[in-house]
Amino acid sequence: MSILPLDVAATNPIDVTLDNLVPLSASALWHRQTDFYQSFDIQAWDSRVPFYATCNPYIANAYANAIVRYLQETLRDARPDSPPCHIVELGAGHGIFTFYLLRRILELSQSLHLDHLPFVYVATDCVPGNLAFWKAHPQFQPFIAAGKLDFALFDALTDTQLNLQVSGRVLSAEEQDGASAPMVLVANYLFDSLPQDLFRVVDGVAEEGLVPAAPTIPDGLPDNAGLSLTQSGCPVTYRPLSSQARYDDPELDQILATALQRGSEHHVLMPVAALRAVRTLSRIAGERMLLIATDKSYGADTLAAMQAEPGLAFHATAFSMMVDFDLLGMFFQQRGGDCFQQSTNKEIGTAAFVCGARFDALVETRHALEHFLDRFSPGDLFGLYAHLQQVQAGTSLNVLVSYLNMTGWDPHVFDSHIQHIYAILDHSDLFAIQDLVRGLPLMAANYYELNAHSHFFEHLGVLCQRLKLFAQAITYYQQALQRQPDMPSLHYNLGLCHCALNDTAQARHCFNSAIALKPDYIAARGWLQLIDSDAVVAQDVT
Ligand SMILES: C[S@@+](CC[C@H](N)C(=O)[O-])C[C@H]1O[C@@H](n2cnc3c(N)ncnc32)[C@H](O)[C@@H]1O
């Protein structure tokens, strides 16, 4: 089948200037992304852009298992003074995944007796405000001090080297001396933020989708809902492809040609910016690299999904599109590398790519990918998460505790079920309650400080108070108060716990603090009176 109708294009070239139409990747649509992240920096995640699906302890554990095995297999002969492998996270944004993944890699390396393998984790983003936030973040300080965490301002669209801000090292293709360690790249929800091009094949004829150079995006588009390009103010006009050398770049042109030949009626979303960025980074890595990415993507049935024109979903003014991991896979395969994709079609997909080797020569890594990224993939977990959010009412504490355990005691999951947990606590199985109590410190350790408005520690406090674990409740309320010192109810509840432990001096102090913040706090005034009249009874305080 001849896909590219050069004869047609000769009489009907794409007239970009006349209609002010451009390839999708050249549309100003993409500037919204960069403008959004640059202007909001860390506030981008204040309920604006979703991040749970790609940033949780479960997915971090999956990545960590694959990465540690890759380090084991590729750094076999490393000595303590060997050059470190750089684990580079692109578009790290808020830093949550950095926190979970780095911590888990360190834990696993230790428990597998692989802690001699030299590595440095490098969190990167194109937004300086995000880097400033990470550098000052208290939870990162021990990793920085141990030489395990570094940072780099890296724009995947333009930069060709990584300037590490802590060590001062420069990672570039020129610095490669052949003796360097391989690199690991992590890219979650990044490739779908980078410019892509759109093509389609109709009756075996290839066309490129062109969109307005400066589209007018309608106001008030629904958040997180799938929209067509037309609904998003970007109607697509298809024109025959004018040349087989669309990109004037043999590697990209080969990928496009192969993608167009996958069927006779389908669309191709070409992740052109992601491909270029990955190529730059693989050069920096001396062509020895493992990439793990999670994005909106399809698994084995990409072609079926691409019968329809791909759309997008807005998150505030940023947006996301699907990413075709098959095409990234082709890039690695062209270089003698390999690709591993999760086999199920989920809302998000995870894939691993390697250059410098094939996965059948990296048996430990491959086993970890099969076990941790495919058997119950991060996409499967996200599906379960969304389902349990909806059917909360019928879920027992037993089931919730199993689920929390499976997520690696995820504070976000706990928080999102807390009202239901309060509601069923009194009628729940004692063993389930005990398991939950054992999980509370694990969840507290998993809490990453991002949003000062979080009620996580308050929820831990209330739960412990309800279970009459007053000393534990006091610890959690104090942690909550460090974050929200002006919340009267926290002082009040803390006072109740002190009452329960017969520490009336502390209780009085707390009730007074609550009243100072809220003078008409009747309950706090009532408890002060009870203290004064020596009438406090422990069971009253839960
Ligand atoms: C959707 S967020 C993903 C954040 C995080 N990885 C996650 O999974 O939640 C996209 C991130 O990529 C960053 N980003 C956007 N364009 C970029 C570019 N050209 N180069 C590097 N980072 C970019 C943004 O600043 C933002 O932090």
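Residues numbered from 1 in each chain as written. Predicted model: local features only at pLDDT ≥ 70, side-chain atom pairs only at ≥ 80, totals over all residues. Heavy atoms only, no water.

### Notes on the overall build of the protein chain
Here is step 1 of the chain: When helices and strands are tallied, the protein chain shows 22 helices and 17 strands.
Here is step 2 of the chain: The globule rule puts the C-alpha radius of gyration for 542 residues at 24 Å, and the 27 Å found for the protein chain is close to it.
Here is step 3 of the chain: Across its three principal directions, the C-alpha atoms of the protein chain cover 95 × 55 × 40 Å.
Here is step 4 of the chain: When burial is assessed residue by residue, the protein chain has 55% of its 542 residues classed as buried.
Here is step 5 of the chain: Considering only contacts in the protein chain between residues 6 or more positions apart, those separated by 24 or more positions represent 74%.
Here is step 6 of the chain: Approximately 22,200 Å² of the protein chain is accessible, and the part contributed by carbon and sulfur atoms is 52%.
Here is step 7 of the chain: The averaged location of the 57 negative side-chain charges in the protein chain is 4 Å from the averaged location of its 31 positive side-chain charges. (Helix = DSSP H or I, 4+ residues; strand = E, 2+ residues; numbered from the N terminus. Rg over C-alpha atoms; globule rule 2.2 N^0.38 Å. Buried < 20%, exposed > 50% of the residue type's maximum accessible area, 1.4 Å probe, protein only. Contact = heavy atoms within 4.5 Å. Areas by Shrake-Rupley, 256 points an atom, 1.4 Å probe, with all protein chains shown as cover. Lys, Arg positive; Asp, Glu negative; His and termini not counted. Charge placed at Lys NZ, Arg CZ, Asp CG, Glu CD.)

### What about the site of the ligand?
Here is step 1 of the chain: T54, G91, D125, A156 and N188 are the nearest of the 21 residues found near the ligand.
Here is step 2 of the chain: At 2.7 Å, a side-chain N or O of T54 approaches an oxygen atom of the ligand.
Here is step 3 of the chain: G91 places a main-chain nitrogen or oxygen 2.8 Å from a nitrogen atom of the ligand.
Here is step 4 of the chain: Calculation on the ligand without its partners gives an accessible area of 590 Å², and the protein chains cover 97% of this total.
Here is step 5 of the chain: Class assignment for the residues of the shell around the ligand results in 12 nonpolar, seven polar and two charged. (Near = heavy atom within 4 Å. Polar contact = N/O pair within 3.5 Å; in protein donor to acceptor, adjacent residues only side chain to side chain. Nonpolar A, V, L, I, M, F, W, Y, C, P; charged D, E, K, R; others polar.)

### Structural notes on the packing of aromatic side chains
Here is step 1 of the chain: Considering all chains together, one arrives at 23 aromatic pairs under this definition.
Here is step 2 of the chain: Seen in terms of ring centroids, Y63 and F97 are 5.1 Å apart; in terms of plane orientation they differ by 85°. Their pairing is edge-to-face. Of this pair, Y63 sits in helix α4 (residues 57–74) while F97 is found in helix α5 (residues 96–111), placing the two residues 34 residues apart along the sequence. F97 carries the same exposure label as Y63, and that label is buried.
Here is step 3 of the chain: Each ring, one from F332 and one from F353, has its centre 5.2 Å from the other, and the planes form 25°; the classification is stacked. One end of the pair, F332, is in helix α11 (residues 325–334); the other, F353, is in strand β17 (residues 349–355), with 21 residues separating them in the sequence.
Here is step 4 of the chain: The exposure class assigned to F332 is buried, which follows from its relative accessible area of 0%.
Here is step 5 of the chain: One aromatic cluster in this structure is built from F36, Y37, F40 and W45. (Phe/Tyr/Trp six-rings, centres within 6.5 Å; stacked < 30°, edge-to-face > 60°.)

### Topic: the domain arrangement of the protein chain
Here is step 1 of the chain: Each domain of the protein chain was delimited in the assignment, giving domain 1 (1–374) and domain 2 (383–541).
Here is step 2 of the chain: Centre-to-centre, using C-alpha coordinates, domain 1 lies 40 Å away from domain 2.
Here is step 3 of the chain: Between domain 1 and domain 2, the contact holds 19 residues from the first and 16 residues from the second.
Here is step 4 of the chain: Of the roughly 1,300 Å² buried at the junction of domain 1 and domain 2 (both faces included), carbon and sulfur atoms supply 57%.
Here is step 5 of the chain: The three residues of domain 1 that bury the most area against domain 2 are Y52, P57 and Y58, which together make up 38% of that side's buried surface.
Here is step 6 of the chain: Counting every contact that joins domain 1 to domain 2 gives zero salt bridges.
Here is step 7 of the chain: Counting across the domain 1 and domain 2 interface gives eight residue pairs in polar contact (both at pLDDT 80 or more).
Here is step 8 of the chain: Among the secondary structure elements, those contributing two or more residues to the side of domain 1 that touches domain 2 are α4, α5 and α6 (128–136).
Here is step 9 of the chain: A total of four residues in the side of domain 1 that touches domain 2 trace back to one element, the largest contributor, which is α5. (Domains from an automatic or database assignment. Buried area = accessible area lost by both parts, 1.4 Å probe. Salt bridge = Lys/Arg side-chain N within 4 Å of Asp/Glu carboxyl O.)

### Overview of the sheet that holds strand β3 (residues 119–125)
Here is step 1 of the chain: With mixed pairing, seven strands are arranged side by side in an open sheet as β4-β3-β2-β7-β13-β17-β16. Unpaired on one side and paired on the other, β4 (149–153) and β16 (338–341) mark the two borders of the sheet. Strand after strand, the sheet turns through a mean of 20° between neighbouring axes, direction not considered.
Here is step 2 of the chain: Examined bridge by bridge, β3 and β4 share five bridges and lie parallel to one another. In the strand pairing of β4, A123 is matched with F151.
Here is step 3 of the chain: Sheet contacts for helix α9 (residues 272–284): β2 (85–90), β7 (183–188), β13 (289–295) and β17; angle to β13, the most-contacted strand, approximately 150°. (Pairing = 2+ DSSP bridges. Axes fitted to C-alpha atoms, helices over the stretch in contact; angles between N-to-C directions.)

### Brief notes about the pattern of salt bridges
Here is step 1 of the chain: All chains considered together, the criterion is met by 18 salt bridges.
Here is step 2 of the chain: Among the charged side chains, a network of salt bridges with common partners joins D249, E251, R279, E287 and R335.

### Section: the pairing of strand β12 (residues 266–270)
Here is step 1 of the chain: Taking burial as the measure, the five residues of β12 include five buried ones, the bulk of the element.
Here is step 2 of the chain: The alternating pattern of β12 places H266, V268 and M270 on one face and H267 and L269 on the opposite face, and all of these are buried.
Here is step 3 of the chain: As paired elements, strand β8 (residues 197–202) and β12 share five bridges and run antiparallel to each other. When the bridges of β12 are listed, V201 appears paired with H266.

### Quick notes on the nonpolar core
The tendency in soluble globular proteins is for nonpolar side chains to be buried as a group.
Here is step 1 of the chain: Judged by nonpolar contacts, the single largest core of 51 residues is most densely connected at L162, F191, M270 and L291.
Here is step 2 of the chain: At eight residues, α9 tops the list of elements feeding residues into this core.
Here is step 3 of the chain: Not counting the four nearest positions on each side in its chain, L291 is found in contact with L185, A187, F191, V278, F332, A351, A352 and F353.
Here is step 4 of the chain: Ranked by size, the runner-up nonpolar core spans 50 residues in total, among them I67, I96, Y100 and I105. (Core = buried A, V, L, I, M, F, W, Y, C linked by side-chain atoms within 4.5 Å.)

### Remarks on unusual backbone geometry
Here is step 1 of the chain: Here the phi dihedral of H113 falls at roughly 55°; this positive angle occurs in a residue that is not glycine.
Here is step 2 of the chain: Among the structural elements, H113 can be located in the loop between α5 and β3.
Here is step 3 of the chain: We classify H113 as exposed; its relative accessible area is 65%.

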